[in-house]
Every structure is written in structure tokens, then in C-alpha cells.
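The primary structure of each chain is shown beneath.
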Amino acid sequence: MTTFALIAPHGGTLVDRRVEGSEVAAALDSASRVPQVQLSAVQHSDLLCIATGVFSPLTGFVGRRDYESILDRMRLANDTVWTIPVTLAVDAAQARALGGADLIGLQDAAGRVVATMQVTEQFEYDKRREAIAVYRTDDAAHPGVARLYKQGDVLLAGPVSLLRRPDGEPFASFRRDPADTRALFAERGWRRVVGFQTRNPVHRAHEYIQKVALEICDGLLLNPLVGETKGDDISAATRMKSYQVLIDGYYPKDRVVLSVFPAAMRYAGPREAIFHAIARKNYGCTHFIVGRDHAGVGNYYGTYDAQRIFDEFEPGELGIAPLFFEHTFFCTRCGGMASTKTCPHDAASRVTLSGTQVRQMLVAGQTPPAEFTRAEVAQVLIDGMHEGAPK
Ligand SMILES: [Zn+2]
């Protein structure tokens, strides 16, 4: 087997804060005798992303210097590009109850200790300022801003050590840490790997984009987000099944890896596009697909804002190359998939459906046109809608 260097993780080193083997028992024992903080679902997913290197070079929840620097200039204090403050917020009473402890235990929703944290700092922060810097709005109707406004007033910072992974997580066989995807890419000899993030079913348009990217890369990391998202998305189980039938029928198996992306959605649009690209670099991707309104919600961001923000950085600062795509569709006159960049025909020739139209068809048990969605995918989506929804 030939060996070659994969793309370096962001900041140079893949962070690994997982405690394993014989050290776990002793660590759990010390963790049980220190003050505890219970994590929200988003904080727990951040913890897992930090500990497994998805958020390299972060080794813990960020302190004040990094926090300020991220807000003001989209970089950590040491100049490494970083656009989203990954923080651990607690309310003021909880912060006082910790009594200045250096070591705290972090608990999951069930009250089990899952990690420890060396608390190096506690600090107050301005939520509205964070909202405007990160989300470009202070509107409490924005889901990311709403979450920020609801969280505690004090941020705890410091490195974390992960002692326990969640038990019985869904899609366990599709969970790979960055160290695992890197090993897999190296084994397959993939030098150029394109990452595609989605929280939606893959219709023909997205399949086309992935395959266009795959024409110039060696492999595709299909990396759906199954963490915390807005409640109105299609269930993660249905989406995962739709990816599997699509890959089984239409993708060369030796060129695609399906692996879930464990981060929580923030809906921070442009800043989150950079954040998502950096995370994929940590998984070993060299390229990352950025569509229109990536990680956007409502009308908070311009259609191309999440693509334009990449121009604010030198290519070397990011390391991973963004690939920008337009909306794509089947054009009956071109006789194939195309986009507004490649097809000169008018809307009447293009097979397009709005998200609402697709949803209505699926709810009614109707299969969208084959030029829009593969029949196998449509069937999974129709079945999913009729299994789950008591509406
Ligand atoms: Zn055309």
C-alpha cells in the first residue's frame, strides 16, 4: 500500500480528547466527586465534536480571548480561522454553585457523567452582540438566536476529556470520527475527497452536484447532519434510508462513504459554511460543496452570502477548497441535468418543484417526476411520512 499525506487537520493537529481503556474508571471516579453541569443536547453534541477532533484545533469550550476574537475577526486569538463560538453557557446561579472548582463533571440528559472539564475561566458575555456578529441579526425569531437568548448568562471555558460515548445512538454503524474517516480515505488511496453536507433528502439535483464534484475528486463523503435541527425537517431515520437506497442503486460503492455529521445546526449561514468546511477538513476532505444559502434559514442571508464569505480568507488559511454550486435541475431540452450556468433554456423546459410542492406530493402518496427524484428515494420518503406522522 502506498502511503501519502492526507490534508492536515485545521490548526495542524487532530485533537483527541477521548479517554479510553484503563484510565476511564479512575477518571469517572474523580468526576463523581466534583461539581456537575448537565449539558443540553447542543452542548453534548459540541462536546463530542471537540473530543473527537471534528472541531480541531479546539480542545475545549472557548475562553474569553478566543470568544472575542471569533466574534470580531472570525479567528481564534492565535489567528487560526474560526467562525462560530463553541461555548458552554450556564446560568449565574449554576456558575456560583460550582464554587470556583477547577474540575467539573459534565453530564448527559440522563444525568450520567460523560466528561470532565478543567475550568480555566468563567465569564459573562453580551448575547445581542454575539447574535449580530454570528447570525447577522438580533431577531429572536431566528432559531440560532432564539437558542442563544435562552441559554445561561455565564460561559465556562476550558479543555474537556470525554469519558463515555452515548449508548445506543441511532445510525451507530454510520458514525465515524475524523480519525476513522482519515484512515479509510488513506486505505482507499483517496487524495482528493469532497464533502457534502445535507439535512435534506438527496434529490436528482443534489445527486448531480455530488457527481459533478466526484468527477474531479477520488471520493465523496456524504455527511448528513442528524443532530439537533429545526423540528420541521424530515426524520433523520427516513433521510438515512433514502441515502442508502440512492447509494445502493446509483453510486459506485468504492467512491462514496456515508457517515453522519454529529454537529448541531446553528443556522448561522455564511459563518456556519466556513465552520462546516473546517470540520470536513478535519475529517480529511480536500473539497467541500457549498450550495446556495448554505446553513441558512428564512430570509436572513443573501443567496450567495455563504459562498462569498470564503473570499474573506486566503485559500491557505482554510486549506480546504470550497466548490460553489447553483441550483440544478433536469432540462427537457438539454436532455439532462443542468444549472443556470450551463442551460440556456427557459423555466418551462426545466423540471423544478418547490420544497412545499414536493412535501405535498409525498404526503399525498404521489411520486414526484423521475427527473426530480429517483423512484426508490421517493418511495422511502412516502413510506417515512406515513409511518411517522400522526398529523
Ligand atoms: Zn436546457
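Keep in mind that what you see is a predicted model, and the values were worked out from it rather than measured. (Residues numbered from 1 in each chain as written. Predicted model: local features only at pLDDT ≥ 70, side-chain atom pairs only at ≥ 80, totals over all residues. Heavy atoms only, no water.)

A closer look at the nonpolar core
For step 1, the next point in the chain: Counting 76 residues, the largest nonpolar core has Leu 47, Phe 55, Phe 61, Trp 82, Leu 106 and Met 117 as the members making the most contacts within it.
For step 2, the next point in the chain: Looking at this core, the element that brings in the most residues is helix H10 (residues 270-283), giving seven residues. (Core = buried A, V, L, I, M, F, W, Y, C linked by side-chain atoms within 4.5 Å. Buried < 20%, exposed > 50% of the residue type's maximum accessible area, 1.4 Å probe, protein only. Helix = DSSP H or I, 4+ residues; strand = E, 2+ residues; numbered from the N terminus.)

Some details on the packing of aromatic side chains
For step 1, the next point in the chain: Enumeration according to the criterion identifies eight aromatic pairs in this entry.
For step 2, the next point in the chain: Summarising the aromatic geometry, the rings of Phe 261 and Tyr 283 are spaced 6.3 Å apart at their centres and angled 65 degrees between planes, so their arrangement reads as edge-to-face. In this pair, Phe 261 sits in the loop between strand E10 (256-258) and H10 while Tyr 283 sits in helix H10, placing the two residues 22 residues apart along the sequence.
For step 3, the next point in the chain: We classify Phe 261 as buried; its relative accessible area is 0%.
For step 4, the next point in the chain: Among the aromatic side chains, those forming a connected cluster through ring pairs are Phe 55, Trp 82 and Phe 275.
For step 5, the next point in the chain: A cation sits over an aromatic face here: Arg 280 above Phe 261, 3.7 Å from the ring centre.
For step 6, the next point in the chain: For the cation-ring pair, Arg 374 lies above Tyr 250, with the distance from its terminal atom to the ring centre recorded as 3.9 Å. (Phe/Tyr/Trp six-rings, centres within 6.5 Å; stacked < 30°, edge-to-face > 60°. Lys NZ or Arg CZ within 6 Å of the ring centre and 35° of its normal.)

Regarding the sheet that holds strand E14 (residues 336-339)
For step 1, the next point in the chain: Overall, antiparallel pairing links the three strands, which are arranged E14-E13-E15 in an open sheet. A single partner strand is all that each edge strand has here, and the edge strands are E14 and strand E15 (350-351).
For step 2, the next point in the chain: Summarising the sheet, strand E13 (residues 328-331) and E15 pair through two bridges and their orientation is antiparallel. Looking at the pairing, Cys 331 lines up with Arg 350 of E15.
For step 3, the next point in the chain: Contacts from helix H8 (residues 204-216) reach E13 and E14 within the one sheet, and its direction differs from that of E14 by about 80 degrees. (Pairing = 2+ DSSP bridges. Contact = heavy atoms within 4.5 Å. Axes fitted to C-alpha atoms, helices over the stretch in contact; angles between N-to-C directions.)

Some thoughts on helix H13 (residues 355-363)
For step 1, the next point in the chain: Residues Val 358, Met 361 and Leu 362 constitute the buried set of H13. Summarising the axial view, the buried residues of H13 lie within an arc of 95 degrees, below the 170-degree limit, and thus occupy one face. Counted as exposed and oriented over 90 degrees from the buried face of H13: Thr 356 and Gln 360.
For step 2, the next point in the chain: Directly beyond the C-terminal end of H13, a positive phi value near 75 degrees is found at Gly 365. (Arc of directions from axis to C-beta.)

Structural notes on the layout of surface pockets
For step 1, the next point in the chain: There is about 1600 Å³ of room inside the largest pocket.
For step 2, the next point in the chain: Along the wall of the largest pocket there are 50 residues; nearest its centre are Asn 200, His 206, Arg 292, His 327 and Gly 355.
For step 3, the next point in the chain: Counting residues per element, the ones that place at least two in the lining of the largest pocket are strand E8 (193-198), H8, strand E11 (287-290), E13, E15 and H13.
For step 4, the next point in the chain: Tallying contributions element by element places H13 first for the lining of the largest pocket, with five residues.
For step 5, the next point in the chain: Residue composition of the lining of the largest pocket, by class: 21 nonpolar, 18 polar and 11 charged. (1 Å grid on protein atoms, 1.4 Å probe; cavity = no way out; pocket = protein on both sides within 12 Å on 5 of 7 lines; lining within 4 Å. Points joined across faces, edges and corners; volume = space filled by probe spheres on them. Nonpolar A, V, L, I, M, F, W, Y, C, P; charged D, E, K, R; others polar.)

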